[in-house]
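Remarks on the overall topology
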Amino acid sequence: MTYQITTSTTVSQDGIALFDQDKYHLQTGEQPHTGDDGLLIRSVNLHDTPLNPELLTIGRAGVGVNNIPLEKAVDQGVVVFNAPGANANGVKELVFAALVIGARPLMAGNAWVNHLKGQDIDVQVEAGKKAYVGTELLGKQLGVIGLGHVGGRVANGASSLAFGMHVVGYDPYIEVDTAWNLSHHIHHADTIEEVLRDSDYVTLHVPLTGETKEMINAQRIAMMKPGSVLLNFARDDVIDEQAILAALDRGQLRGYVTDFASPKLLHHPKVTVFPHIGGSTTAAETNSAKMVVQTMKNYLETGNIRNSVTFPDCVMQFAAPLRLTLIHKNVPNMVGRMTAILANYDLNIVNMMNRSQGDYAYTMIDLDHVAEKRLQRIATKLEQIENVIRVRVIEQPKR
Ligand SMILES: NC(=O)C1=CN([C@@H]2O[C@H](COP(=O)(O)OP(=O)(O)OC[C@H]3O[C@@H](n4cnc5c(N)ncnc54)[C@H](O)[C@@H]3O)[C@@H](O)[C@H]2O)C=CC1
Ligand SMILES: O=C(O)CCC(=O)C(=O)O
């Protein structure tokens, strides 16, 4: 069996190289080609892209999946994977640079010094540097909104002795494992307002969802401590840009440091913009690509699901010659209808697993050997069950 995969040229070759040449036919592109089984991308927007009917999986070599039409994908039986945590250290380090940039006029000082002319630069520097006096982070309050892989690292680092900040975090959906990894020095707020009210710096680390869209709007900015600095390395749409610009004009915000450019932010004296490079370190790109390629391969070759954003983990040891996998709606009696068909064909189920998330579910059924034509008939019968979206037949991988 050979799988056809389209990979974006922006994805690290260290990850792409994990697609074994004897099993995978690779081509480059940002959108799926006809006949593709998989698509591997970074930040390209797929919302207006038709997904070819054969497409089995989309891999996002990164974390945010707001560029992928998740509902459309799952409705067409496409399993979407990302790389949770794989680029978090890279983002964290850039956030610390951003905090220092928020505290001291480093960019302006650098721009000024680069324009100096003449032989007496040292004299000019000593005379002019008083314009670039900054503040320190030690003892200041940092508010962290979203305490996942990035926010958790930022919160722990800022509260460590190295930075000595007082950290207040807000994350109503925090996972237990993540919470365990947070320093006990971090104060957990019950509301965003509690974070905004007293923080000198506020940093956003939430995914872009319906709930987080424009979570920092005029009303919330009005609650922020006057003269505070906002950092946004999450997504452009988690803030209301007009409200930020107005707050910078009236001095409510002292600065805005972001990874997301827009025409109005460029050249603004109180804004520092980076070109979406939070995850752009060699380590982050390699980790992300390797992690997502492994999960795509695992899904294609065994049907096992790990780190999908559209399905829960569903991992079963492949202990029989054949595996049927079914993506279906999460409605009553689906498993009963599947097993009834298998019973009609007098087939014994060796192993089985069913997991659901929201409106959709995934079932894996391991079977002993079944003759090819019979197997095809069974797969067709399963496909005909109402609310079944996709049926795959996978042979046990050879060792
Ligand atoms: N600038 C860049 O290059 C990068 C940007 N990102 C962005 O940062 C986001 C976070 O990344 P990770 O920390 O790796 O993701 P993550 O999934 O580990 O953490 C996100 C956290 O946000 C929390 N959250 C969700 N809704 C919330 C809400 N309404 N209020 C407060 N907390 C909420 C979740 O419970 C979770 O703990 C990504 O979704 C992506 O948009 C991520 C990596 C690189
Ligand atoms: O550099 C990238 O591919 C995007 C990083 C990012 O924004 C993410 O992982 O969510």
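Residues numbered from 1 in each chain as written. Chains lettered and ligands numbered in written order. Predicted model: local features only at pLDDT ≥ 70, side-chain atom pairs only at ≥ 80, totals over all residues.

Under an unreviewed UniProt entry, the name given to the chain is D-3-phosphoglycerate dehydrogenase, and the organism recorded is Loigolactobacillus bifermentans DSM 20003. Here is the UniProt Function (unreviewed entry) comment for the chain, exactly as written: "Catalyzes the reversible oxidation of 3-phospho-D-glycerate to 3-phosphonooxypyruvate, the first step of the phosphorylated L-serine biosynthesis pathway. Also catalyzes the reversible oxidation of 2-hydroxyglutarate to 2-oxoglutarate." Turning to the chain, the UniProt annotation filed under Sequence similarities (unreviewed entry) states: "Belongs to the D-isomer specific 2-hydroxyacid dehydrogenase family." (UniProt positions renumbered as here; feature names shortened; annotations may be inferred.)

Focus: the overall build of the chain
Per the secondary structure count, the chain includes 13 helices and 16 strands. Its C-alpha atoms give the chain principal-axis dimensions of roughly 90 × 50 × 35 Å. By residue count, 38% of the 399 residues in the chain fall in the buried class. Residue pairs at least 24 apart in sequence account for 65% of intrachain contacts in the chain once pairs closer than 6 positions are excluded. (Helix = DSSP H or I, 4+ residues; strand = E, 2+ residues; numbered from the N terminus. Buried ≥ 20, exposed ≤ 12 C-beta atoms within 10 Å, placed from the backbone. Contact = placed C-beta atoms within 7 Å.)

So, helix α6 (residues 149-159)
Among the 11 residues in α6, nine count as buried, and that is most of the element. Every buried residue belonging to α6 is among His149, Val150, Gly151, Gly152, Arg153, Val154, Ala155, Ala158 and Ser159, and all of these are buried. Elements in contact with the buried residues of α6: α3 (88-103), β6 (141-145), β7 (166-170), α7 (176-180) and β9 (201-204).

Observations concerning the site of ligand 1
The environment of ligand 1 is formed by 33 residues, the closest being Gly64, Gly146, Gly148, Pro207 and Gly278. Sorting the residues of the shell around ligand 1 by element identifies α3 and α6 as the ones contributing at least two each. Per element, the largest residue contribution to the shell around ligand 1 is three residues, and it comes from α6. When the residues that make up the shell around ligand 1 are grouped by side-chain class, the tally is 16 nonpolar, 13 polar and four charged. Looking at the shell around ligand 1, you find at least three residues from each of domain 1 (1-87 + 281-310) and domain 2 (88-273). (Near = placed C-beta within 6 Å. Nonpolar A, V, L, I, M, F, W, Y, C, P; charged D, E, K, R; others polar. Domains from an automatic or database assignment.)

Observations regarding the site of ligand 2
If you check the shell around ligand 2, you find Arg42, Ser43, Gly62, Val63, Gly64, Asn87, Gly278, Gly279 and Ser280 and nothing else. Residue composition of the shell around ligand 2, grouped by class: one nonpolar, seven polar and one charged.

A short note on the confidence of the model for the chain
Summing up the model confidence of the chain, the mean pLDDT is 97 and the portion of residues at 70 or higher is 100%. At the level of individual helices and strands, the chain shows its lowest average pLDDT in α7, which scores 93, and its highest in β9, which scores 99. (pLDDT = per-residue confidence, 0-100.)

Things to note about the domain arrangement of the chain
Often the size quoted for an interface is simply the accessible area lost on bringing the parts together. Here the chain is partitioned into domain 1 (1-87 + 281-310), domain 2 (88-273) and domain 3 (312-399). A separation of 49 Å is found between the C-alpha centroids of domain 2 and domain 3.

Section: the sheet that holds strand β14 (residues 349-357)
Ordered in space as β14-β15-β13-β16, the four strands form an open sheet in which the pairing is antiparallel. Two strands lie at the open edges of the sheet, namely β14 and β16 (388-395), each paired on one side alone. On average, each strand axis in the sheet is inclined to that of its neighbour by 15°, with strand direction left out of account. Taken together, the eight bridges between strand β13 (residues 322-329) and strand β15 (residues 360-367) define a ladder with antiparallel strand orientation. Its bridge partner lying in β15, Arg323 is registered against Asp366. Those strands touched by helix α13 (residues 372-383) are β13 and β16, and its axis lies near 160° from that of β16. (Pairing = 2+ DSSP bridges. Axes fitted to C-alpha atoms, helices over the stretch in contact; angles between N-to-C directions.)

Examining the UniProt feature "domain: ACT" (unreviewed entry) in the chain
As annotated in UniProt, the feature "domain: ACT" (unreviewed entry) corresponds to residues 323-396 in the numbering used here. For the annotated span residues 323-396, helix accounts for 31% and strand for 43% of the residues, and the straight-line distance between the end C-alpha atoms is 7 Å.

A look at the packing of α3 against α6
Packing of α3 against α6 brings their axes to within 9 Å, and their N-to-C directions diverge by 45°. Between α3 and α6, the crossing angle belongs to the class labelled oblique. In terms of crossing hand, the pair formed by α3 and α6 is right-handed. Seen from α3, the contacting residues are Ala88, Asn89, Val91, Lys92, Val95 and Phe96; seen from α6, they are His149, Val150, Arg153, Val154 and Gly157. (Parallel < 35°, antiparallel > 145°, perpendicular 65-115°, else oblique. Left-handed = near helix turned anticlockwise from the far one by under 90°.)

A closer look at the nonpolar core
Formed by 50 residues in total, the largest nonpolar core has its most connected members in Leu40, Val78, Val79, Val80 and Val292. Those elements giving two or more residues to this core turn out to be β3 (38-41), α2 (70-75), β5 (79-81), α11 (282-302), β13, α12 (334-344), β15 and α13. Looking at this core element by element, the count peaks at eight residues for α11. When we break this core down by domain, the ones giving at least three residues each are domain 1 (1-87 + 281-310) and domain 3 (312-399). Setting aside anything within four residues of it in sequence, one finds Val80 in contact with Ile58, Arg60, Val65, Ile68, Leu70, Ala73, Ser308, Val309 and Thr310. Within the second largest apolar cluster, 45 residues are counted, among which are Ala98, Val144, Ala155 and Val238. (Core = buried A, V, L, I, M, F, W, Y, C linked by C-beta atoms within 7 Å.)

Side note on the sheet that holds strand β12 (residues 271-273)
Spatial ordering of the open sheet is given by β8-β7-β6-β9-β10-β11-β12, a layout of seven strands whose pairing is parallel. Sheet topology places β8 (187-188) and β12 at the edges, where each strand pairs with a single neighbour. Pairing analysis gives four bridges linking β6 to β9, with the strands arranged parallel. Bridging across to β9, Leu142 finds its partner in Tyr201. Contacts from α6 reach β6, β7 and β9 within the one sheet, and its direction differs from that of β7 by about 160°.

Describing the environment of Gly255
Mapping Gly255 onto the fold places it in strand β11 (residues 253-258). C-alpha of Gly255 to C-alpha of Ile244: the two residues are 11 residues apart in sequence and 9.3 Å apart in space. Contacts of Gly255, omitting those with residues within four sequence positions, involve Gly102, Val229 and Lys270.

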